[in-house]
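Fold and geometry: a report
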Amino acid sequence: MSRTIRKAAVLGSGVMGSAIAAHLAGCGIPVVMLDIVPFPNMLSEAEQKKVATDKKIRNKLASSSLEAAAEGQAARLLHKKAADIIEIGNFDDDFDKSKTPTGSSKSSSNAWTSRSRSWPRSTSSAARIRS
Ligand SMILES: NC(=O)c1ccc[n+]([C@@H]2O[C@H](COP(=O)([O-])OP(=O)(O)OC[C@H]3O[C@@H](n4cnc5c(N)ncnc54)[C@H](O)[C@@H]3O)[C@@H](O)[C@H]2O)c1
């Protein structure tokens, strides 16, 4: 039986999550990687005032994990092109992105598809596995 993986969701972007995301993206599989919205004690006073509305602050944990993955051990796995197919977000705002199959919804799937097309591997965005 052959299955096509069009997209993967990684919930929790810490050491393991970001390395898993890097592995998957390295295989050409688009990934959505989510983490929690930071707790107030993880933020500066200025950030705390803006966290309700500022998406950059709300995604701070996932984005800093992706940066760390690109610079740390997982960098071996994370080709620059691969980083482009990891989409970050937070559970409160973006959980539905983890449920949307590529190409079947109006939401972010078009972005996925266009990024996937530029992926240089012969497998395109989808990895074929046999089980
Ligand atoms: N790293 C390892 O070698 C290893 C080995 C065995 C088991 N584990 C387990 O795997 C899990 C992840 O390990 P890690 O090393 O990546 O940890 P980590 O601390 O680096 O990452 C955990 C991530 O989960 C996020 N998180 C916190 N609360 C959350 C919630 N309620 N829902 C979703 N995400 C939440 C954190 O913000 C953080 O980014 C842990 O439970 C750990 O005990 C890790």
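Per chain, residues are indexed from 1 in the order of the written sequence. The predicted origin of the model limits local features to residues at a pLDDT of at least 70 and limits the giving and counting of side-chain atom pairs to 80 or more, whereas totals for whole chains, interfaces and linings rest on all residues.

The subject of this paragraph is helix H4 (residues 60-71). Here a strand is any run of E in DSSP of at least two residues, a helix any run of H or I of at least four, and the numbering for each starts at the N terminus. Multiply 1.5 Å by the residue count of a helix minus one, and that product is the helix's expected span. With 12 residues, H4 extends 16 Å between its outermost C-alpha atoms, agreeing within 8% with the 16 Å of an ideal straight helix rising 1.5 Å per residue. Listed in full, the buried residues belonging to H4 are Lys-60, Leu-61, Ala-62, Ser-65, Leu-66 and Ala-69. On its buried face, H4 is in contact with helix H1 (15-26), strand E3 (31-35), helix H3 (55-58), helix H5 (80-83) and strand E4 (86-90). Partly exposed residues are those whose C-beta has more than 12 but fewer than 20 other C-beta atoms within 10 Å; with 20 or more the residue is buried, with 12 or fewer it is exposed, and the C-beta atoms are placed from the backbone. Our contact criterion uses C-beta atoms placed from the backbone: two residues qualify when those atoms are within 7 Å.

Let us now look at the site of the ligand. Neighbouring residues of the ligand: Leu-11, Gly-12, Ser-13, Gly-14, Val-15, Met-16, Gly-17, Asp-35, Ile-36, Leu-61 and Ser-65. Of all the secondary-structure elements, those providing two or more residues to the shell around the ligand are H1 and H4. Per element, the largest residue contribution to the shell around the ligand is three residues, and it comes from H1. Throughout this entry, Asp, Glu, Lys and Arg are counted as charged residues, while Ala, Val, Leu, Ile, Met, Phe, Trp, Tyr, Cys and Pro are counted as nonpolar. The remaining residues, Gly among them, count as polar. In terms of residue class, the shell around the ligand is made up of five nonpolar, five polar and one charged. In this entry, near means the residue's backbone-placed C-beta atom lies within 6 Å of the molecule or strand.

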